[in-house]
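# Coordinate analysis (summary)
As a plain string of letters, each chain reads:
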Amino acid sequence: MSEKSCSACSERVKHREEAELKDLINRLARIEGQIRGIRKMVEEDRYCIDIVNQVASVSAAINSFNKVLLSAHIKSCVVEDVKQGGSKMVDELCDTLHKLMR
């Protein structure tokens, strides 16, 4: 399957539904706020463990973002690729999962 065949994904561009886009943007905005909060904690010489706990919270938020994004990708682009007899996106997904699990 060429990527042009998928109605949701084409030419390395993903056309998202409004609700999905809004959810992703909101998640990223919260993560940005958390990062700014960590910076402020460092600037204010806050206790190391308090900062580490906030960093752990950001890591969890980023992991959650990735889960939502990957789930949407699998349900749209990967499924469409497989339906059309392709395996390129499955291979790409496997490579990405290996990178995430390092």
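These numbers come from a predicted model, not from an experiment. (Residues numbered from 1 in each chain as written. Predicted model: local features only at pLDDT ≥ 70, side-chain atom pairs only at ≥ 80, totals over all residues. Heavy atoms only, no water.)

When its secondary structure is counted, the protein chain shows three helices and two strands. Ordering the α and β elements of the protein chain from the N terminus gives β-β-α-α-α. Here the protein chain has roughly 7,400 Å² of accessible surface; of this, 55% comes from carbon and sulfur atoms. (Helix = DSSP H or I, 4+ residues; strand = E, 2+ residues; numbered from the N terminus. Areas by Shrake-Rupley, 256 points an atom, 1.4 Å probe, with all protein chains shown as cover.)

Another aspect to go through is the packing of helix 2 (residues 48-83) against helix 3 (residues 88-100). Look at helix 2 against helix 3: their axes get within 9 Å of each other, and the N-to-C directions meet at 160°. Considered as vectors, helix 2 and helix 3 are oriented roughly antiparallel to each other. The element helix 2 and its partner helix 3 pack so that their crossing is left-handed. For the pair helix 2 and helix 3, the contacting residues are Asn66, Leu70, His73, Ile74, Cys77, Val78, Asp81 and Val82 in the first and Lys88, Met89, Val90, Glu92, Leu93, Leu97 and Leu100 in the second. (Axes fitted to C-alpha atoms, helices over the stretch in contact; angles between N-to-C directions. Parallel < 35°, antiparallel > 145°, perpendicular 65-115°, else oblique. Left-handed = near helix turned anticlockwise from the far one by under 90°. Contact = heavy atoms within 4.5 Å.)

On to the UniProt feature "coiled-coil region" (unreviewed entry) in the protein chain. On the UniProt side, "coiled-coil region" (unreviewed entry) is annotated at positions that read residues 14-41 here. The straight-line gap between the two end C-alpha atoms of residues 14-41 is 36 Å; of that span, 86% is helix and 4% is strand. (UniProt positions renumbered as here; feature names shortened; annotations may be inferred.)

Looking now at unusual backbone geometry. Of note in the backbone geometry, Asp45 takes a positive phi value of approximately 55° without being a glycine. The topology assignment puts Asp45 in the loop between helix 1 (18-43) and helix 2. Looking at Asp45, the relative accessible area reads 70%, which means it is exposed. (Buried < 20%, exposed > 50% of the residue type's maximum accessible area, 1.4 Å probe, protein only.)

Here we come to the pattern of salt bridges. By the definition in use, this model includes five salt bridges. Glu44 is the salt-bridge partner of Lys40, the closest N and O atoms lying 3.9 Å from each other. For Lys40, a relative accessible area of 49% corresponds to the partly exposed category. Owing to a relative accessible area of 42%, Glu44 belongs among the partly exposed residues under this scheme. Across the salt bridge formed by Arg46 and Glu44, the nearest N and O atoms sit 3.9 Å from each other. (Salt bridge = Lys/Arg side-chain N within 4 Å of Asp/Glu carboxyl O.)

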